Amino acid sequence: QVQVVESGGGLVQPGGSLRLSCAASGSISSINTMGWYRQVPGKQRELVAGITSGGMTNYADSVKGRFTISRDNAKNTVYLQTNSLKPEDTAVYYCNADIKPRSLWVTHVYWGQGTQVTVSS
């Protein structure tokens, strides 16, 4: 079984920072792209940032210059450093990972359960 679990959300004041973590565990052969998405009620889930196994990154325009995605391949973990947070960054943040389990010949995208980030004074 493969699991993806996020942590690090919470309540922060505007201008503050949070570091989100997402760890993949289980019988994993390899992990390709990992990413962070966010969703607010009534809206579609949107990509925040993604990172390939080789370290190439991409960001939503709304977070460029404020958020940084990184990963530790040895720990099967991806991070999202969020700085200069704004109230409009409030959302449930989800991690996903394109994983090839040892039990399968193909990759599968796994999602975490989400972690709430609230930016408010």
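Up top you'll find the structure we're talking about.
Small disclaimer: the values here were computed from a predicted structure and weren't measured.

Structural notes on the overall build of the protein chain
- Along its length, the protein chain carries zero helices and eleven strands.
- The secondary structure elements of the protein chain, listed N-terminal to C-terminal, are β-β-β-β-β-β-β-β-β-β-β.
- In terms of C-alpha radius of gyration, the protein chain reaches 14 Å, essentially the compact-globule figure of 14 Å for 121 residues.
- By principal-axis analysis of the C-alpha atoms, the protein chain measures approximately 45 × 25 × 25 Å.
- By the burial criterion, 39% of the 121 residues in the protein chain qualify as buried.
- Look at the contacts in the protein chain between residues 6 or more apart in sequence, and 55% of them connect residues 24 or more apart.
- The protein chain carries 11 positive and 7 negative side-chain charges, and their two centres are separated by 4 Å.

Some words on unusual backbone geometry
- In this model, Asn76 sits at a positive phi of 50 degrees, which is unusual for a non-glycine residue.
- Considering the arrangement of structural elements, one finds Asn76 in the loop between strand 7 (67-72) and strand 8 (77-82).
- Assessed through its relative accessible area of 25%, Asn76 is described here as partly exposed.
- Positive phi, close to 50 degrees, is recorded for Ser84, a residue that is not glycine.
- The topology assignment puts Ser84 in the loop between strand 8 and strand 9 (91-101).

Looking at the sheet that holds strand 3 (residues 18-26)
- One open sheet accounts for four strands, arranged 1-3-8-7; its pairing is antiparallel. Each edge of the open sheet carries a strand with a single partner, namely strand 1 (2-7) and strand 7. Direction aside, the axes of adjacent strands within the sheet are offset by 15 degrees on average.
- Relative to strand 8, strand 3 runs antiparallel, the two sharing six bridges. When the bridges of strand 8 are listed, Arg19 appears paired with Gln81.

Some thoughts on the environment of Gly16
- Within the secondary structure, Gly16 sits in the loop between strand 2 (10-12) and strand 3.
- Along the sequence, Gly16 and Asn83 sit 67 residues apart, while their C-alpha atoms lie 6.1 Å from each other.
- Dropping the residues within four chain positions of it, Gly16 is found in contact with Thr82, Asn83, Ser84 and Leu85.

Overview of the packing of aromatic side chains
- Here the structure, examined in full by the defined rule, presents one aromatic pair.
- The ring of Tyr94 is capped by Arg45, whose NZ or CZ atom sits 3.7 Å from the centre of that ring.
- Over the aromatic face of Trp111 sits the side chain of Arg45, whose NZ or CZ is 4.7 Å from the ring centroid.

What about the state of the cysteines?
- A full pass over the atoms with the stated rule returns one disulfide.
- Disulfide pairing places Cys22 opposite Cys95 at an S-S distance of 2.0 Å. Its S-S torsion of approximately -75 degrees makes the covalent link between Cys22 and Cys95 left-handed. Residue Cys22 is located in strand 3, and its partner Cys95 is located in strand 9; the two are separated by 73 residues in the primary sequence.
- Judged by relative accessible area, Cys95 falls into the buried class, the value being 0%.

So, how was this worked out
Residues numbered from 1 in each chain as written. Predicted model: local features only at pLDDT ≥ 70, side-chain atom pairs only at ≥ 80, totals over all residues. Heavy atoms only, no water. Helix = DSSP H or I, 4+ residues; strand = E, 2+ residues; numbered from the N terminus. Rg over C-alpha atoms; globule rule 2.2 N^0.38 Å. Buried < 20%, exposed > 50% of the residue type's maximum accessible area, 1.4 Å probe, protein only. Contact = heavy atoms within 4.5 Å. Lys, Arg positive; Asp, Glu negative; His and termini not counted. Charge placed at Lys NZ, Arg CZ, Asp CG, Glu CD. Pairing = 2+ DSSP bridges. Axes fitted to C-alpha atoms, helices over the stretch in contact; angles between N-to-C directions. Phe/Tyr/Trp six-rings, centres within 6.5 Å; stacked < 30°, edge-to-face > 60°. Lys NZ or Arg CZ within 6 Å of the ring centre and 35° of its normal. Disulfide = S-S within 2.5 Å.

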